[in-house]
Amino acid sequence: MNLLSIFNKRTSAPVARDRLQILLAHERSYSGQSDLVTALREEILAVIAKHVNVDRDKVLVKMDRGDAVSTLEVDIEIPTPTKPKLAASA
Amino acid sequence: MAKVLVVTSGKGGVGKTTSTAALGAALAQNGSNVVVIDFDVGLRNLDLVMGAERRVVYDLINVVQGDAKLAQALIRDKRLENLSLLPASQTRDKDALTEDGVARVIEELREKFDWIICDSPAGIERGATLAMRHADMAVVVTNPEVSSVRDSDRIIGLLDSKTARAESGERMPKHLLLTRYDQGRAERGEMLKVDDVLEILSIPLLGIIPESEEVLRASNVGSPVTINSPTSAPARAYAEAARRLAGEDIAVTVPSEKKGFFGKLFGRRAAA
Ligand SMILES: Nc1ncnc2c1ncn2[C@@H]1O[C@H](COP(=O)(O)OP(=O)(O)OP(=O)(O)O)[C@@H](O)[C@H]1O
Ligand SMILES: [Mg+2]
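The text that follows walks through the structure, step by step, so that each part is easy to find. Model, not experiment: these values are computed from the prediction. (Residues numbered from 1 in each chain as written. Chains lettered and ligands numbered in written order. Predicted model: local features only at pLDDT ≥ 70, side-chain atom pairs only at ≥ 80, totals over all residues. Heavy atoms only, no water.)

### As for the overall build of chain B
Each helix and strand counted, chain B has 13 helices and 10 strands in total. For 272 residues, the compact-globule formula gives about 19 Å, and the C-alpha radius of gyration of chain B, at 17 Å, lands near that figure. Taken along its principal axes, the extent of the C-alpha atoms in chain B is 55 × 40 × 30 Å. Counting contacts in chain B only where the partners sit at least 6 residues apart, residues at least 24 apart contribute 71% of the total. Put simply, chain B has 36 plus and 38 minus side-chain charges, and the middle of one group is 2 Å from the middle of the other. (Helix = DSSP H or I, 4+ residues; strand = E, 2+ residues; numbered from the N terminus. Rg over C-alpha atoms; globule rule 2.2 N^0.38 Å. Contact = heavy atoms within 4.5 Å. Lys, Arg positive; Asp, Glu negative; His and termini not counted. Charge placed at Lys NZ, Arg CZ, Asp CG, Glu CD.)

Quick look at the structure:
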């Protein structure tokens, strides 16, 4: 057993913690998404679609679980409306 | 008012059944009327840990299906008269547990007991979701080890989405019970520390149960550790956790085997 292996053994817990933090951040934003997020996404899409045409892929709904509160992040890309045609004045 | 508590974890073998028996007995020792329910259909164990395996006549499925009255299936503990067990079926299929049937049984128990503690099976399938379905609060049992922490994270997600409480838009109070903790190994950097797990899972700490041979000794003789050796380190840790569950605000420590000596004090307290 060399010095390095002793060192590695001593520090295995911080490695575990870092791996978990990275993994769970990933899992929470994908499979960790609850049915609630799916339902919210669908309903938000329906509301937006009533007023503007949006690309389904441009609507991002993400839940971040926190200590006391969770945050719901909604990011919607809406196409800039094309200028009304001047011909309409005819 | 009656409280329904689910003891859950995702990962198997982390100490759910041990904790259900110990917390149930500790709450009863403090005077509450307690029933512990085994939801692990086909793999029942709570009867053994409680030392009631030879007294099982009817089980949860019999009651759910109306083949037995609740009073016929409940087994009263021989040591504590205010502690009862509702065993799981060992032979039946877990599909025999219907959601409505479980709801009815829980409602009936709410009228008779102060605490209804549901020992969840491992996994994230139907058995586990049924056990948590009607809970008012949850104890998430976790070992300081990567796969257990990951599975606990998954279970926390289910508690926040699949329970009746979550579906009605209410908050589900969740408490972390860190079990099989070895302070020496954590200090040497060989095992995840309490603060690491708390930071990752972000739920309040209910207690830290040290790894101890007293737990095995208690299960060998069929007695919750809080009854079998009340002064041992795990028993004191469970007794304190039970008091926190009941709303007392006491600092979390890791009781050590040496009597009177308390380990490091943890700043965080369990939310009531
Ligand atoms: N604090 C502890 N110290 C030492 N051994 C423990 C401790 N807690 C639990 N154990 C042991 O770990 C094993 C698993 O415990 P238990 O049956 O309570 O886990 P479980 O989560 O209910 O398992 P399952 O998922 O199979 O239902 C048992 O042998 C038990 O004695
Ligand atoms: Mg079990």
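### A closer look at the layout of surface pockets
Residue and element names in this part refer to chain B. Considered as a void within the structure, the second largest pocket measures approximately 540 Å³ in volume. Lining the second largest pocket we find 25 residues, and of these G13, V14, G15, K16 and T18 sit closest to its centre. Looking at the lining of the second largest pocket, the elements that each hand over two or more residues are α1 (16-29), α2 (46-49), β7 (174-181), β8 (205-210) and α11 (213-221). For the lining of the second largest pocket, the residue count by class is 11 nonpolar, 10 polar and 4 charged. (1 Å grid on protein atoms, 1.4 Å probe; cavity = no way out; pocket = protein on both sides within 12 Å on 5 of 7 lines; lining within 4 Å. Points joined across faces, edges and corners; volume = space filled by probe spheres on them. Nonpolar A, V, L, I, M, F, W, Y, C, P; charged D, E, K, R; others polar.)

### Side note on the pairing of strand β5 (residues 115-119) of chain B
The two faces of a sheet get side chains in turn, since along a regular strand they alternate between them. Residue and element names in this part refer to chain B. In terms of burial, β5 is largely enclosed, as 5 of its 5 residues are buried. Burial along β5 is two-sided: W115, I117 and D119 and I116 and C118, pointing in opposite directions, are all buried. Pairing of strand β1 (residues 3-8) with β5, which is carried by 5 bridges, proceeds in the parallel orientation. Of the residues in β5, the one forming a bridge with V6 is C118. Pairing analysis gives 5 bridges linking strand β2 (residues 34-38) to β5, with the strands arranged parallel. The residue of β5 that forms the bridge with V34 is W115. (Buried < 20%, exposed > 50% of the residue type's maximum accessible area, 1.4 Å probe, protein only. Pairing = 2+ DSSP bridges.)

### Quick word on the environment of B:G247
Residues and elements named next belong to chain B. Tracing the chain through its elements places G247 in the loop between α13 (233-245) and β9 (252-255). Since its relative accessible area comes to 41%, G247 is described here as partly exposed. It is 16 Å that separates the C-alpha atoms of G247 and N33, two residues lying 214 residues apart in sequence.

### Re α11(B)
Residue B:S212 occupies the N-cap position of α11(B), its side-chain oxygen lying 3.0 Å from the main-chain nitrogen of B:E214. B:G222 sits one or two positions beyond α11(B) and adopts a positive phi of about 70°. (Polar contact = N/O pair within 3.5 Å; in protein donor to acceptor, adjacent residues only side chain to side chain.)

### Thoughts on empty space enclosed by the protein
Residue and element names in this part refer to chain B. Evaluated as defined, the whole model comprises 2 cavities of 30 Å³ or more. Roughly 50 Å³ of volume is contained in the largest cavity. The wall of the largest cavity is formed by T18, V49, V215, A218, S219, S223, P224 and V225. A total of 3 residues in the lining of the largest cavity trace back to one element, the largest contributor, which is α11. Taken together, the residues of the lining of the largest cavity sort by class into 5 nonpolar, 3 polar and no charged. F39, V41, K94, L97, R126, G127 and L130 are the residues that line the second largest cavity. Looking at the lining of the second largest cavity residue by residue, the class counts come to 4 nonpolar, 1 polar and 2 charged.

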